[in-house]
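# Commentary on secondary and tertiary structure
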Amino acid sequence: MVRTIRFHETGGPEVLRYEDVPVRTPGPGEVRIRVDAIGLNRAEVNFRRGTYLDRPVLPAGLGTEASGEILEVGPGVERWSEGDAVSVVPAFSQNDYPVYAEEAVVPAAALVARPDGMDAVTGAAIWMPYVTVYGMVSEIVRVRPGDRVLITAAANSIGMAALQVVRHLGAVPIATTPIADQRPALLAAGAASVIITGAHDDPDGASDLPAAVHACTDGHGADVVLDAVGGPQVGQLVQACAPRATVIVHGGLSGLPTPLPGGGYAPVWLRRYRVFEITTDTAALRRAEHFVRSGLATGAFAPVVDRIFDFDDIVAAHRYVDSPERGPGKPVLRVKHRAR
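The paragraphs below set out a description of the structure included in this document. (Residues numbered from 1 in each chain as written. Predicted model: local features only at pLDDT ≥ 70, side-chain atom pairs only at ≥ 80, totals over all residues. Heavy atoms only, no water.)

With that settled, consider the pattern of salt bridges. With the rule as written, the count across this model stands at 17 salt bridges. Measuring nitrogen to oxygen at the nearest pair gives 2.8 Å for the salt bridge that ties Arg32 to Glu103. Of this pair, Arg32 sits in strand β3 (residues 30-39) while Glu103 is found in strand β7 (residues 103-107), placing the two residues 71 residues apart along the sequence. The partner of Glu139 in a salt bridge is Arg287, with the nearest N and O atoms 2.8 Å apart. (Salt bridge = Lys/Arg side-chain N within 4 Å of Asp/Glu carboxyl O. Helix = DSSP H or I, 4+ residues; strand = E, 2+ residues; numbered from the N terminus.)

What follows is the structure in structure tokens.
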């Protein structure tokens, strides 16, 4: 039996429970890992509420991003061995392979090797943000040196990774945030400009966004937009674009429908994107892994961990993940294992 975080009804953080649950033997193509740290994402908050793309099958576990050590390898798994230090990337439904637990069974195809010397907390914080960004700027579009790349909600973990990746590619990262106090951290992370917007759930809060983007690009507009917010703001993002730009909507922080923009604007390509497009494609995931390792090796990429919570503090951790007062980077849950 291992300690596991589950919920039996949808709702606020208070529905989360600690339960002792048996862990099954890994089947073909699966491994069992000791979970040492868990990357926290707003997707889990929405899954707990019942508002995510996947509806929870109750009682439900949570989580798709973790790091730890392989304890057991299932039939047909050739790349991995017992004792390997690994990270788990989001490549499956939380209903099928939840990782909010002391141990978890996960698909071997969703593993990447943790770089030598990297601790478990960093290993849980790094892959989802950088792989998400890699997919957008290298597989969906090719960001070129000099491109003006607009990054919304830039203080979250994907946004912070995007600032570093865009700068590494020789492009010009422009950050947006609804919180003025985050400007220094975004500039330090590599933003060439920071635009303060309205709240994510305020349809009118970004009314001056196109003018602000054109002002900080000398009238050119954005060549690429990486949007974590969605909702009505997408219309403003399109207005902020240069001709033949690409707007990639990879999140829905606004919680509002994303309508097709109306009115006059330059011709742009508007596209939805999920990291599963990369993580469920073996060849694409390996390309992403090499890209991230290269950036780490040169020092171009430096993962940003926001706050570390203990496994026992999941309610406080979930409240924080959903708070507008979150700091830049990735919150992580650290698992301290009980003596057996």
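Additional details are given in the paragraphs that follow.
Cis geometry marks the peptide bond from Leu58 to Pro59; its omega dihedral reads -10°. Despite not being glycine, Ala153 shows a phi value in the positive range, around 50°. For Ala153, the position within the fold is in the loop between β9 (148-151) and α3 (157-168). Among the residues examined, Ala153 registers a relative accessible area of 7% and is labelled buried. (Buried < 20%, exposed > 50% of the residue type's maximum accessible area, 1.4 Å probe, protein only.)

Another point: the sheet that holds strand β1 (residues 2-7). Taken together, the three strands give an open sheet; going across it, the order is β2-β1-β4, and neighbouring strands pair in antiparallel fashion. A single partner strand is all that each edge strand has here, and the edge strands are β2 (16-21) and β4 (60-61). Inspection of the sheet shows β1 paired to β2 by six bridges, in the antiparallel sense. Residue Thr4 lies in a different strand from β2, and its bridge partner there is Glu19. (Pairing = 2+ DSSP bridges.)

In this section: the environment of Arg42. Here Arg42 is to be found in helix α1 (residues 42-49). Judged by its relative accessible area of 25%, Arg42 falls in the partly exposed class. Distance in space between the C-alpha atoms of Arg42 and Tyr52 is 9.5 Å, their sequence separation being 10 residues. Non-local contacts of Arg42, meaning those with residues more than four positions away in its chain, are made with Leu253, Val321, Asp322 and Arg326. Engagement of the side chain of Arg42 in a polar contact is seen with the side chain of Asp322, the distance being 3.0 Å. (Contact = heavy atoms within 4.5 Å. Polar contact = N/O pair within 3.5 Å; in protein donor to acceptor, adjacent residues only side chain to side chain.)

Moving on, we come to the side chain of Asp36. On the secondary structure map, Asp36 appears in strand β3. Within the structure, Asp36 has its side chain in polar contact with the side chain of His337 (distance 3.1 Å).

Here Pro107 lies in strand β7. On a C-alpha basis, the gap between Pro107 and His318 in space is 25 Å, while along the polypeptide they are 211 residues apart. For Pro107, the residues in contact, after removing those within four places along its chain, are Gly29, Glu30, Phe92 and Tyr97.

Moving on: the packing of aromatic side chains. Tallying each qualifying case throughout the model produces seven aromatic pairs. Arranged with centres 5.7 Å apart and planes meeting at 65°, the rings of Tyr18 and Phe311 form a pair that is edge-to-face. Taken as a pair, Tyr18 in strand β2 and Phe311 in the loop between β15 (305-310) and α9 (314-321) lie far apart in primary sequence, 293 residues in all. Take Phe311: its relative accessible area is 5%, and that puts it in the buried class. Pairing Tyr130 with Phe301 gives two aromatic rings, centres 5.1 Å apart and planes at 25°, and the pair type is stacked. Of the two residues, Tyr130 sits in helix α2 (residues 120-140) while Phe301 sits in the loop between α8 (282-298) and β15, which places them 171 residues apart along the sequence. Joined through ring pairs, the aromatic side chains of Tyr130, Tyr134, Phe291 and Phe301 make up one cluster. Between the NZ or CZ atom of Arg3 and the centre of the ring of Tyr18, over which it lies, the distance is 4.3 Å. Seen from the ring of Phe276, Arg274 lies directly overhead, with NZ or CZ sitting 4.6 Å from the centre. (Phe/Tyr/Trp six-rings, centres within 6.5 Å; stacked < 30°, edge-to-face > 60°. Lys NZ or Arg CZ within 6 Å of the ring centre and 35° of its normal.)

A word on α8. Its 17 residues give α8 an end-to-end C-alpha distance of 25 Å, which sits within 8% of 24 Å, the value for a rise of 1.5 Å per residue. Buried positions along α8 lie against β8 (111-113), α2, α3 and α7 (276-279). Of the residues flanking the end of α8, it is Gly299, one or two places downstream, whose phi is positive at about 85°. (Expected span 1.5 Å × (residues − 1).)

This next bit is on the pairing of β15. Judged from the four bridges that link them, β15 and strand β16 (residues 330-334) form a sheet pairing that is parallel. Residue pairing across strands places Ile308 opposite Val332, the latter belonging to β16. In this region the chain leaves β15, passes through α9 and returns to the parallel neighbour β16; the handedness of that crossover is right-handed. (Right-handed = clockwise from strand over helix to strand, strands pointing away.)

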